[in-house]
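# Per-entry structural report
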Amino acid sequence: MIRVQDLVKVYPGGTRAVDRVSFRVGHGEFFGFLGPNGAGKTTTIKVLATLLKKTSGRAVVAGYDVDRDAQSVRRSIGFAMQEVGLDDLSKGRDFLVLQGVLYGMSRREASVRAGELLELVGLADVADRRVGTYSGGMRRRIDLVGALMHSPQLLFLDEPTTGLDPQSRLAIWEHLERLSSDGVTVFLTTQIMEEADRLCDRIAIIDRGTIVAEGSPAILKGEIGGDVVHLTLADRGENGHLIDKAASLAAEQPFVRQVESVDGHLAIKVVDGGEAAPQLMRNLHDAGISVRNVTVSQPSLDDVFLKHTGRQIRADEASEDEAGQLLKAFLGVKRG
């Protein structure tokens, strides 16, 4: 559904927002583009949606080249952007009907389709209320189905749940899972690790304009190398000698891959946390070392991001996309 080869985007002033990015997305796949603000996610998705001209490289969307056949690309896709684009004075149903008419549907067809989508996202009861009275989660849902009015083959979503409360975010996730099960190809940009892990068949991690990892969430987490057992000792001992002793004992075990002392406790990377934790507890007990607390965690996409970038995902001050940030910098406009 999407083929991207050596995509480059350089903004005025010389900032290279996307640097030779290549990837593919299959029909019916739920593909995630994961990274912090300013990483190149929004620039890439805008190029694919024909909203931004690339500097070089090739991009084919739904079988159409984004430069040579932009109109065909636009007819084939739906796009819900970071900023919800709604008319607060319009009623929910009227907003959707208008979207359908703009895509070439008859008013009757658009009205039927709007009713179906309002039921899908649980907004049928408020369809005749003005959009300005909707909550943040309701606004995001009506914006999302607005991109689905013409039954697109491919849906682009640019950080669709950023800023939503947990309940609204969960509702959006459930709707997206339903769409994916119906065969819609979804291209999702996000900086929410849990969102990517739950929804995506495959992800690409982008940072500073370059893809640093790609694969299914399970495979990428599996490459981290096992579970982590966190142990906090009841007594660190004089000058921390008990911590050192516990670390040495743990390192001797065949199922232990790595031992680190972090903020006064031990982080022990093991093959199987469920089996390893009781054995470690027994070994330390036999050595006269008391454990106050033990937890076992599996690798997460946070760990994957840390491995491939050397740091945690950044939380930038601005919520706008990198295109807006760079344009403001070029024009000398200060952030509000």
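Up top is the structure these notes are about.
Heads up: these notes are all about the structure in this document.

Below, the discussion takes up the overall build of the chain. Regarding its fold elements, the chain presents twelve helices and 14 strands. Projecting the C-alpha coordinates of the chain onto the three principal axes gives extents of approximately 80 × 50 × 40 Å. The burial tally for the chain puts 50% of its 336 residues in the buried class. Carbon and sulfur atoms make up 48% of the accessible area of the chain, which totals about 16,200 Å². For the chain, the distance from the average site of its 41 positive side-chain charges to the average site of its 46 negative ones is 7 Å.

Spatial ordering of the open sheet is given by β6-β7-β8-β3-β9-β10, a layout of six strands whose pairing is mixed. Strands at the two margins of the open sheet, each flanked by one partner only, are β6 (77–80) and β10 (210–215). Taken pair by pair, the neighbouring strands of this sheet meet at an average axis angle of 15°, ignoring direction. Pairing of strand β3 (residues 30–34) with strand β8 (residues 185–190), which is carried by five bridges, proceeds in the parallel orientation. In the strand pairing of β8, Phe30 is matched with Val186.

With that settled, consider the pairing of strand β2 (residues 16–25). Pairing of strand β1 (residues 2–10) with β2, which is carried by six bridges, proceeds in the antiparallel orientation. Each residue of the ladder has a partner; that of Val4, found in β2, is Phe23. Count of turn residues in the β1/β2 antiparallel hairpin: five residues, of which Gly13 carries a positive phi of about 100°.

Further remarks concern helix α1 (residues 41–48). Here α1 lies mainly inside the structure; eight of its eight residues are buried. Within the span of α1, buried status applies to Lys41, Thr42, Thr43, Thr44, Ile45, Lys46, Val47 and Leu48. Just downstream of α1 lies Thr50, where phi reads positive at about 65°.

Let us now look at the side chain of Lys269. Tracing the chain through its elements places Lys269 in strand β13 (residues 265–270). The contacts of Lys269, once residues within four sequence positions are left out, are Ile224, Gly225, Asp227, Val228, Phe255, Val256, Arg257 and Gln258.

Next up on the list: unusual backbone geometry. Despite not being glycine, Thr50 has its phi angle at roughly 65°, a positive value. In this structure, Glu159 is a non-glycine residue whose phi angle is positive, near 50°. By relative accessible area, which is 3% here, Glu159 ends up buried.

With that settled, consider the packing of aromatic side chains. Evaluated as defined, the whole model comprises eight aromatic pairs. Taken together, a centroid distance of 5.4 Å and an interplanar angle of 10° make the contact between Phe23 and Phe31 stacked. You can call Phe23 buried: its relative accessible area is 3%. According to the relative accessible area criterion, Phe31 is buried, its value standing at 0%. Taken together, Phe23, Phe31, Phe33, Phe79, Phe156 and Phe187 form an aromatic cluster joined through their ring pairs. The ring of Tyr11 carries Lys9 above its face, with NZ or CZ at 5.4 Å from the centroid.

The interhelical angle for the contact between helix α5 (residues 136–146) and helix α6 (residues 166–181), taken along N-to-C directions, is 20°, at an axis separation of 9 Å. On the basis of the axis angle, α5 is roughly parallel to α6. Regarding α5 and α6, the two cross each other, and that crossing is right-handed. Within the contact between the two elements, α5 uses Gly137, Arg140, Arg141 and Leu144 and α6 uses Ser168, Ile172, His175 and Leu176. Within the contact of α5 with α6, the residues separate by chemical class into three nonpolar, three polar and two charged.

Looking now at the sheet that holds strand β5 (residues 64–65). Pairing is antiparallel in the open sheet, where four strands are placed in the order β2-β1-β4-β5. In this open sheet, the two strands that pair with only one neighbour each are β2 and β5.

What follows covers the environment of Gly183. Relative to the helices and strands, Gly183 resides in the loop between α6 and β8. Exposure remark for Gly183: the relative accessible area of 44% places this residue in the partly exposed category. Between the C-alpha atom of Gly183 and that of Gly28, which follows or precedes it by 155 residues, the distance is 4.9 Å.

Turning our attention to the pattern of salt bridges. Taken as a whole and judged by the stated rule, the model has 16 salt bridges. Between Asp67 and Lys53 there is a salt bridge, and its shortest N-O distance comes to 3.9 Å. A residue pair is termed long-range when its members are at least 10 positions apart, and Asp67 in the loop between β5 and α2 (70–76) and Lys53 in the loop between α1 and β4 (56–61) qualify at 14 residues. Overall, the relative accessible area of 56% leaves Lys53 in the exposed class. Between Asp65 and Arg68 there is a salt bridge whose closest N-O contact spans 3.9 Å.

Rules behind the numbers
Residues numbered from 1 in each chain as written. Predicted model: local features only at pLDDT ≥ 70, side-chain atom pairs only at ≥ 80, totals over all residues. Heavy atoms only, no water. Helix = DSSP H or I, 4+ residues; strand = E, 2+ residues; numbered from the N terminus. Buried < 20%, exposed > 50% of the residue type's maximum accessible area, 1.4 Å probe, protein only. Areas by Shrake-Rupley, 256 points an atom, 1.4 Å probe, with all protein chains shown as cover. Lys, Arg positive; Asp, Glu negative; His and termini not counted. Charge placed at Lys NZ, Arg CZ, Asp CG, Glu CD. Pairing = 2+ DSSP bridges. Axes fitted to C-alpha atoms, helices over the stretch in contact; angles between N-to-C directions. Contact = heavy atoms within 4.5 Å. Phe/Tyr/Trp six-rings, centres within 6.5 Å; stacked < 30°, edge-to-face > 60°. Lys NZ or Arg CZ within 6 Å of the ring centre and 35° of its normal. Parallel < 35°, antiparallel > 145°, perpendicular 65-115°, else oblique. Left-handed = near helix turned anticlockwise from the far one by under 90°. Nonpolar A, V, L, I, M, F, W, Y, C, P; charged D, E, K, R; others polar. Salt bridge = Lys/Arg side-chain N within 4 Å of Asp/Glu carboxyl O.

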